[in-house]
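# Fold and contact review
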Amino acid sequence: QKETAINWIIVSASSGEATLVKYGAGFSSLMGSFSNDAMQWGLLGVLGVDDSSVKSIRSKLVQIDWFGGGVREGDKGKMLNKQRPVIQKFAGAIACNIPASSKGDITARKVAYKLFHAQGAHKPTYYDFGDEKVQTSGLSTEDDNADDEDEDEDFD
């Protein structure tokens, strides 16, 4: 059996410092590891691979702000105001940030879509999540599945 390198960690910052909660490999494993009763951050390493002419591999760090469904609304504000800066200092350069409160809020295709549109001129052929690959040629706005559906609405 082939071992996959660790490409994600889940941290909390309730004590004012980043505390490792779990770690592992693969997008599916990450999504199955968040706690429904906690405020956590997932840091996921994704490889952007361009194998068109000269093979190029670029590592991207994705931050997932996890608000478990069992977390009270009042605590969510505290998380954003006090704990997020700790995580940002700990994590460093983030390619994209995705908020989520249920495992259905995030798919590998959604992450790939956000990464693809956050990149500069050099676009990868696919993104490697450790346990699955997402081809960029097939990405569409439907993969973003954004909550702000009326963002592009025209108000004449």
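What counts and how
Residues numbered from 1 in each chain as written. Predicted model: local features only at pLDDT ≥ 70, side-chain atom pairs only at ≥ 80, totals over all residues. Heavy atoms only, no water. Phe/Tyr/Trp six-rings, centres within 6.5 Å; stacked < 30°, edge-to-face > 60°. Helix = DSSP H or I, 4+ residues; strand = E, 2+ residues; numbered from the N terminus. Buried < 20%, exposed > 50% of the residue type's maximum accessible area, 1.4 Å probe, protein only. Pairing = 2+ DSSP bridges.

### Concerning the packing of aromatic side chains
Evaluated as defined, the whole model comprises two aromatic pairs. With a centroid separation of 5.6 Å and an interplanar angle of 75°, the aromatic rings of Phe27 and Phe129 are classed as edge-to-face. One end of the pair, Phe27, is in helix 1 (residues 27-31); the other, Phe129, is in the loop between strand 6 (126-128) and strand 7 (133-135), and 102 residues separate them in sequence. Phe27 sits in the buried class, given a relative accessible area of 5%. For Phe129, a relative accessible area of 0% translates into the label buried.

### A closer look at the pairing of strand 1 (residues 8-12)
Most of strand 1 sits out of view: four of its five residues are buried. Across five bridges, the pairing between strand 1 and strand 2 (residues 19-24) is antiparallel. Across the sheet, residue Trp8 finds its bridge partner in strand 2, namely Gly24. Bridge analysis of strand 1 against strand 3 (residues 39-50) gives four bridges, and the strand direction is antiparallel. Paired with Ile9 across the two strands is Leu43, which belongs to strand 3.

These values are about where atoms sit, not about what they do.
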